[in-house]
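Residues per chain, in single letters:
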Amino acid sequence: MRTQSVLLYDYQVSSNPPAVPADTSPEVWRIQMDAIARRTPAERLVEWDALNTAIAQMEADGVRRRHPHYSDRDVFLAIVRHRHGDELFQAAWPGEPLLQP
């Protein structure tokens, strides 16, 4: 699938991303970028934390859906293995099974 972008901002001047997603009009993108720019760093961190929490929950839900018999610890271990790989996983949790995510 190929996406197209439209140049909107001069990246040297703006800290906003330089391209508009193909499914977004330049005007809507400008409004969104302006709204983000008005947020304080604290507000941006709150939103970042909420998005990370939601993504982590979706990841855990996916593991639970694929492996309904996993305990909460099994879900945790499967996610850690998936994120960091077998070598680091086994160094941190020697003797634990290599569970599928």
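Cut-offs used in this document
- Residues numbered from 1 in each chain as written.
- Predicted model: local features only at pLDDT ≥ 70, side-chain atom pairs only at ≥ 80, totals over all residues.
- Heavy atoms only, no water.
- Helix = DSSP H or I, 4+ residues; strand = E, 2+ residues; numbered from the N terminus.
- Buried < 20%, exposed > 50% of the residue type's maximum accessible area, 1.4 Å probe, protein only.
- Contact = heavy atoms within 4.5 Å.
- Areas by Shrake-Rupley, 256 points an atom, 1.4 Å probe, with all protein chains shown as cover.
- Expected span 1.5 Å × (residues − 1).
- Bend = angle between axes of the 7 residues up to and from the residue.

S.K.: So what exactly am I meant to see when it comes to the overall build of the chain here?
M.R.: A tally of regular secondary structure across the chain gives three helices and two strands. When the helices and strands of the chain are read in sequence order from the N terminus, they spell out β-β-α-α-α. Across the 101 residues that make up the chain, the buried fraction comes to 20%. Of the contacts formed within the chain by residues at least 6 apart in sequence, a portion of 14% connects residues at least 24 apart. Of the roughly 7,800 Å² that the chain leaves accessible, carbon and sulfur atoms contribute 58%.

S.K.: I tried to follow helix H3 (residues 72-92) on my own but got confused; where do I start?
M.R.: In an α-helix, one turn spans 3.6 residues, which is why side chains three or four residues apart end up on the same side. Taking 1.5 Å of rise per residue, the 21 residues of H3 would be expected to cover 30 Å, yet its terminal C-alpha atoms sit only 18 Å apart, more than 12% below that figure. When the local axis directions of H3 are compared, the greatest deviation, roughly 125°, occurs at Gly-85. Looking only at H3, the buried set comprises Val-75, Leu-77, Ala-78, Ile-79, Val-80, Arg-81 and Phe-89. Where the residues of H3 are buried, they touch helix H2 (41-66).

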